[in-house]
Amino acid sequence: MNHNLISRAVLATALLGGAVSAQQPTFFDQIASFGVQGGIAEIVSANGTGTVLAFSDADAGRVGFVDITDPTNPIALPDVVTGGEPTSVSFSGDLLVAAVLTTPWGEDDPAPDPTDPANAGQLFVIDAQNPAAPVVLGTVAIGFQPDSVKLIDTDNGPVAIVCIENEPIVVDNAEIVLDEDIPGFPTSGPNFPQDRSEAGFVQVISIDTNNVAASTVATVTLPESLLTNAGLLFPTDPQPEFVDVFGTTAAISLQENNGIAILDIADPNNPSLTRVFSLGNAAERLTDICEDDAISLDQGYPSSIGGSVDADEDGSGNPILGGPRQPDAIGFTPDGTVILSADEGELNRTGGRGWSSWDINGNVIYEDAGRLEEVAVVFGQYPDGRSENRGIEIEGITSATFNGRDYAFVVSERGSFIGVYNIQNPANPRLTQVLPTGISPEGIVALPARDLLVTADESSGTLTIYQASTTFPDDATMPLTFSFDVPFGGMSGFDGTSLGFFAVPDNALPTAINFVQTGSPFTAFTPLQLSIPVTIGGEQQRYDGEGVVRDRSILAPFGGFLGGFFIASEGNGSSRPNLIVQTNLFGEVLREIQLPANIDAAADASIGGNAVASAGAGTIRGNGFEGVTLSNDGRYLYACIQRQFNSEAATHTRIARYDLTQIQDGSAPNSDFRTGGDWEFFYYPLEAATGAGFIGLSEITMLPNGDFLVIERDQGIGAETALKAVYTFSLAGLVPDANGVPDAADTVSKSLVLDVQAEFFPFEKVEGLALIGGELWVGLDNDGGETENRVVNTGPLTLPGGN
């Protein structure tokens, strides 16, 4: 990790409560996560009193409303159906406007005609004075492809500023859409593909609330010559993206063009373009630009991409130097002297992979220089899967004054977090907190009058609400995991000790056995203290780790005193076998134990072993081993299989058992590292699916009394989740499956221990269990950095019947 960019002291500020100053610092704590029904939440705004939120839902063609009078208990209010795709919303007082793309299209669709008045965008004007019954006052015809909108109150009434993006509609010679967003394609000429969209512009709308149809619309064009002189990338294709306003000045991001336009809107009926400036290219920093399932911030960016973005990604055919910032959201500081930019990028290998700030003339005041990506690595929220694209992709940004101090809120769409900065000195922002959000946050609004902060999280369809206070949140039940030195993420299986838990990543990262400390002196945080690479011949391996247990088995060296670990590696049902991997204390692989080939199509058929097959001759699916545990006497390995076998009903899955005496007495067949042998199965009855996707098991652990705990869950995210729970069962009195069909003799009877939906909302992959000092810890697999690594102390384990 590149500690030249950000020091441990700076990180400690975010970890331990901020820097000392003359003013009392403000900290933020999540108090609610609200799942919207049947769609997404993209852009969010709040009414004048901060008691009602409105959000755009492009998927469902509506504007949603939520009552946050009690911010800990958000309540859904009636929607306003807009049709099309609402792209943005903005409140001023009780008046709301929504910009709507009326004629959406997609790849392989016939191209819409931007000049057809029937395809014009619409600005919905909505009276939300009674939020329980919002009233559409009318609509105003605006440009074809609106994006961001900002509503302000002036002496002459409400005024809306709308970015008409008009992103390219690239078509073939049959006028079928090839790609909807490649900047700079020609709009005429004999050759295809071509762009059927027109140049974007900005509209300033003086709204007549008594007669919306009589509202006046003033259009501000973005001349090619001005954009050329400013050094922008695609002067014929401006694509205005996001707008913010301070006083009578509007700032507009031209994302693909890597610029910002400044408008004077003192006279809304005669607005003027006063300035356009380029944001240039990101300063050199170290980052990870290889999507290789390994996090390493050791490549120079933008220098390491070879000096330019690939020509085939630039419709104009012009070379683009690597690393243009290409800002998405922008926002003024509270005093209006500085513009903050979310340097997301647009094409691959573009973007600042962070954020910047500028004076009104376009002079850079501050550049993140990769610091926030390093912070994301520290908290396990760096999405390696986006490394070749734009890294953490800072998409949203805003600022506000809380408790007399100015803060910037910087939103990572791909890392799913907010970086909170003290910007009292805009040239020297200080990181004060890292706040996990829902999945893929895009919109953000600060409500300092109510001490609230809200994000709209597009992928999880949630609104996440934070409360501001002068007390640093110190919640020992849901601490943040961090590591100064070891990149981590995707923790899929746990094994508890008296001091913390061991965990393994899935195939999002190279396989390692990590130890995370819990308890005093760390309460709000759990540090990752140790990482043991899993190796063969000194080379780190890449298993799909889904479970781990310390080796206290009959095979462990020195009676288990120096035992290593067993790791459950999930197969894919075709080419990658399900394995239980045994390592020594140093992570060196001793053996891989496979399922028999008649059960697992990916197993090595030359290594013997038997198991009762499915009555329908189905083999294990791509959802195989999802956890591993040991019997208390060290004789048996147990693995839970996530789903039913192929061609079986989704009513049962299997608990697999392997007798280690086969290896101890030398009867288990083997070849090099791979060991076969016989497996036995018991059946586990699954709940009926009521949420999204299938129901399956995600973890297994044996308790001191010989019973088992498992996690059973669906695939639901946000409002689509219905089952995230811990169950217990016993195998006492049961016999292994003999005929491939579940019956009373081989099927467990389970009991609910704990419903953990609320603790893990809105996430899907609840996949870790650890018993630590009699308390049950449950963990989330964050898919290799795409969300937070949430771990929850659910308290003392209480089993049904008081056992």
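Residues numbered from 1 in each chain as written. Predicted model: local features only at pLDDT ≥ 70, side-chain atom pairs only at ≥ 80, totals over all residues. Heavy atoms only, no water.

Tallying secondary structure elements over the protein chain gives five helices and 59 strands in all. Here the protein chain has a C-alpha radius of gyration of 28 Å; the compact-globule value for 803 residues is 28 Å, and the two agree. In terms of overall dimensions, the protein chain has a C-alpha envelope of 90 × 65 × 55 Å along the principal axes. With 803 residues in all, the protein chain has 61% of them scored as buried. Here the analysis covers contacts within the protein chain between residues at least 6 apart in sequence; of these, 57% occur between residues at least 24 apart. Carbon and sulfur atoms provide 48% of the accessible area of the protein chain, an area that totals close to 27,700 Å². Distance from the positive charge centre (32 side chains) to the negative charge centre (105 side chains) of the protein chain: 7 Å. (Helix = DSSP H or I, 4+ residues; strand = E, 2+ residues; numbered from the N terminus. Rg over C-alpha atoms; globule rule 2.2 N^0.38 Å. Buried < 20%, exposed > 50% of the residue type's maximum accessible area, 1.4 Å probe, protein only. Contact = heavy atoms within 4.5 Å. Areas by Shrake-Rupley, 256 points an atom, 1.4 Å probe, with all protein chains shown as cover. Lys, Arg positive; Asp, Glu negative; His and termini not counted. Charge placed at Lys NZ, Arg CZ, Asp CG, Glu CD.)

A few words on the side chain of Ser356. Structurally, Ser356 is set in strand β27 (residues 354-358). Here the side chain of Ser356 touches Asp343 through a polar contact of 2.5 Å, side chain to side chain. For Ser356, the contacting residues outside a window of four places in its chain are Arg325, Ile339, Leu340, Ser341, Asp343, Tyr366 and Glu367. (Polar contact = N/O pair within 3.5 Å; in protein donor to acceptor, adjacent residues only side chain to side chain.)

This part is about the sheet that holds strand β47 (residues 625-630). Reading across the sheet, the four strands line up as β47-β48-β49-β52 and stay open at both edges, with antiparallel pairing between neighbours. If you trace the sheet from one side to the other, it starts and ends with β47 and β52 (679-685), each paired once. On average, each strand axis in the sheet is tilted by 25° relative to the strand beside it, whichever way the strands run. Here strand β48 (residues 636-641) pairs with strand β49 (residues 652-659) via five bridges, running antiparallel. Bridging from a neighbouring strand, Leu637 pairs with Tyr658 of β49. (Pairing = 2+ DSSP bridges. Axes fitted to C-alpha atoms, helices over the stretch in contact; angles between N-to-C directions.)

So, about the pattern of salt bridges. Inspection of every chain in the model, using the stated rule, returns 24 salt bridges. A salt bridge links Arg386 to Glu393; the shortest N-O distance between them is 2.7 Å. In this structure Arg386 comes out as buried when scored by relative accessible area, which is 19%. Close ionic contact of Arg550 with Asp495 constitutes a salt bridge, the shortest N to O distance being 2.8 Å. In this pair, Arg550 sits in strand β43 (residues 545-550) while Asp495 sits in strand β37 (residues 491-496), placing the two residues 55 residues apart along the sequence. Given the relative accessible area of 25%, Arg550 is considered partly exposed. For Asp495, a relative accessible area of 7% corresponds to the buried category. (Salt bridge = Lys/Arg side-chain N within 4 Å of Asp/Glu carboxyl O.)

Time to look at the side chain of Ser56. Mapping Ser56 onto the fold places it in strand β3 (residues 52-57). Here Ser56 is in contact with Ile40, Ala41, Glu42, Ile43, Arg62, Pro86, Thr87, Ser88 and Val89, once residues within four sequence places are set aside.

This paragraph deals with the nonpolar core. Grouped burial of nonpolar side chains is what soluble globular proteins tend to show. Counting 31 residues, the largest nonpolar core has Trp355, Leu372, Phe379, Ile392, Ile397, Val410 and Tyr421 as the members making the most contacts within it. When contributions to this core are tallied by element, the ones reaching two or more residues are β26 (339-343), α3 (371-378), β29 (394-402), β30 (405-412), β31 (417-422), β32 (430-436) and β36 (480-482). Considering each element in turn, this core owes the most residues, five residues, to α3. Not counting residues within four places of it along the chain, the set of residues in contact with Ile397 comprises Ala329, Ile330, Gly331, Leu340, Ser341, Ala342, Trp355, Phe409, Val410 and Ile444. (Core = buried A, V, L, I, M, F, W, Y, C linked by side-chain atoms within 4.5 Å.)

Turning to the pairing of strand β18 (residues 249-254), a few remarks are in order. Of all six residues making up β18, five are buried, and the element is well covered by its neighbours. Here six bridges tie strand β17 (residues 240-246) to β18, and the two strands are oriented antiparallel to one another. Bridge pairing links Val245 to Ala250 in β18. The antiparallel pairing of β17 with β18 creates a hairpin that spans two residues between the two strands, and Gly247 there sits at a positive phi of about 60°. Bridge analysis of β18 against strand β19 (residues 259-264) gives six bridges, and the strand direction is antiparallel. Each residue of the ladder has a partner; that of Thr249, found in β19, is Asp264. Following β18, the chain reverses through four residues before pairing antiparallel with β19; Asn258 in that reversal takes a positive phi of roughly 65°.

Quick look at the packing of aromatic side chains now. For the coordinates displayed, the defined rule picks out 24 aromatic pairs. Note on Trp355 and Tyr366: the rings are 5.0 Å apart at their centroids and 45° apart in plane angle, and the pair reads as tilted. One end of the pair, Trp355, is in strand β27; the other, Tyr366, is in strand β28 (residues 364-367), with eleven residues separating them in the sequence. With a relative accessible area of 9%, Tyr366 lands in the buried category. Between Phe502 and Phe515, the aromatic rings sit 5.0 Å apart at their centres with planes inclined by 55°, giving tilted as the arrangement. Of this pair, Phe502 sits in strand β38 (residues 500-505) while Phe515 sits in strand β39 (residues 512-517), and the two are 13 residues apart along the sequence. Here Phe502 falls in the buried class, since its relative accessible area comes to 12%. Looking at Phe515, the relative accessible area reads 13%, which means it is buried. Clustering of aromatic rings is evident, with ring pairs tying together Phe27, Phe472, Phe482, Phe484 and Phe525. (Phe/Tyr/Trp six-rings, centres within 6.5 Å; stacked < 30°, edge-to-face > 60°.)

Counting buried positions over the eight residues of α3 gives seven, a clear majority of the element. Buried within α3 we find Leu372, Glu373, Glu374, Val375, Ala376, Val377 and Val378. Gly380, located one to two residues past α3, shows a positive phi value of around 70°.

Its boundaries defined by the atoms lining it, the second largest pocket holds a volume of some 570 Å³. Around the second largest pocket, the lining is made up of 26 residues, and of these Asp29, Gln30, Pro436, Asp475 and Met478 lie nearest the centre. Within the residue set of the lining of the second largest pocket, elements represented by two or more residues are β1 (27-35), β32 and α5 (757-760). Per-element accounting of the lining of the second largest pocket gives the leading share, six residues, to β1. Here the residues of the lining of the second largest pocket sort into 18 nonpolar, three polar and five charged. (1 Å grid on protein atoms, 1.4 Å probe; cavity = no way out; pocket = protein on both sides within 12 Å on 5 of 7 lines; lining within 4 Å. Points joined across faces, edges and corners; volume = space filled by probe spheres on them. Nonpolar A, V, L, I, M, F, W, Y, C, P; charged D, E, K, R; others polar.)

Taken together, the four strands give an open sheet; going across it, the order is β1-β35-β34-β33, and neighbouring strands pair in antiparallel fashion. The open sheet has two edge strands with one neighbour each: β1 and β33 (441-447). The sheet shows a mean angle of 20° between the axes of neighbouring strands, direction not considered. Relative to strand β34 (residues 452-457), β33 runs antiparallel, the two being bridged by six bridges. Looking across to β34, one finds that Pro441 is bridged to Asp457.

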